[in-house]
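Single-letter residue listing:
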Amino acid sequence: MQALTIYEVGMRNPNGEYSKFCDSPNKNEVDDHLEIMKKCTPHNFQLVFLEKTYHCVSTVPHIIGE
């Protein structure tokens, strides 16, 4: 089974709204962007780093509902 990992960095405002800045399968690229954002993030905002892993479950098409 093949897995794909995507790294993502974004910012959450005090109201809980999230904005994504960068995502990539290259963790170093996202880490570099995260370092830049640490210097630019407003006081009440929270930086968010996500690691998302996707797995191929099936390559056979399934008919859902008729």
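Asker: I would appreciate a short explanation of the overall build of the chain in the present structure.
Answerer: Scanning the chain from N- to C-terminus turns up one helix and three strands. In sequence order, the chain lays out its α and β elements as β-β-α-β. In terms of its C-alpha atoms, the chain occupies a principal-axis envelope of roughly 50 × 30 × 10 Å. Looking at the chain as a whole, 21% of its 66 residues qualify as buried. Put simply, of all contacts in the chain between residues at least 6 apart along the chain, 49% involve residues at least 24 apart. Carbon and sulfur atoms make up 52% of the accessible area of the chain, which totals about 5,400 Å². Each charge class in the chain can be summarised by its mean position, and for the 6 positive and 9 negative side chains these summaries are 6 Å apart.

Asker: Please explain the nonpolar core as it appears in this structure.
Answerer: Note on soluble globular proteins: their nonpolar side chains tend to be buried together. In this structure, Y7, V9, C22, V30 and L34 together form the largest nonpolar core, which totals five residues. At the level of elements, β1 (3-12) and α1 (27-40) are the ones that each hand at least two residues to this core. With residues up to four places along the chain from it excluded, the contact list for L34 reads V9, L47 and F49.

Asker: Looking at this model, I keep getting lost on the pattern of salt bridges. Mind explaining?
Answerer: Pairing is possible between side chains of opposite charge, provided their charged atoms come close. Counted according to the given criterion, the structure contains four salt bridges. Between E8 and K52 there is a salt bridge; the shortest N-O distance is 2.9 Å. With E8 in strand β1 and K52 in strand β3 (residues 46-55), the pair connects residues that are 44 residues apart, well separated along the chain. Assessed through its relative accessible area of 4%, E8 is described here as buried.

Rules of the game
- Residues numbered from 1 in each chain as written.
- Predicted model: local features only at pLDDT ≥ 70, side-chain atom pairs only at ≥ 80, totals over all residues.
- Heavy atoms only, no water.
- Helix = DSSP H or I, 4+ residues; strand = E, 2+ residues; numbered from the N terminus.
- Buried < 20%, exposed > 50% of the residue type's maximum accessible area, 1.4 Å probe, protein only.
- Contact = heavy atoms within 4.5 Å.
- Areas by Shrake-Rupley, 256 points an atom, 1.4 Å probe, with all protein chains shown as cover.
- Lys, Arg positive; Asp, Glu negative; His and termini not counted.
- Charge placed at Lys NZ, Arg CZ, Asp CG, Glu CD.
- Core = buried A, V, L, I, M, F, W, Y, C linked by side-chain atoms within 4.5 Å.
- Salt bridge = Lys/Arg side-chain N within 4 Å of Asp/Glu carboxyl O.

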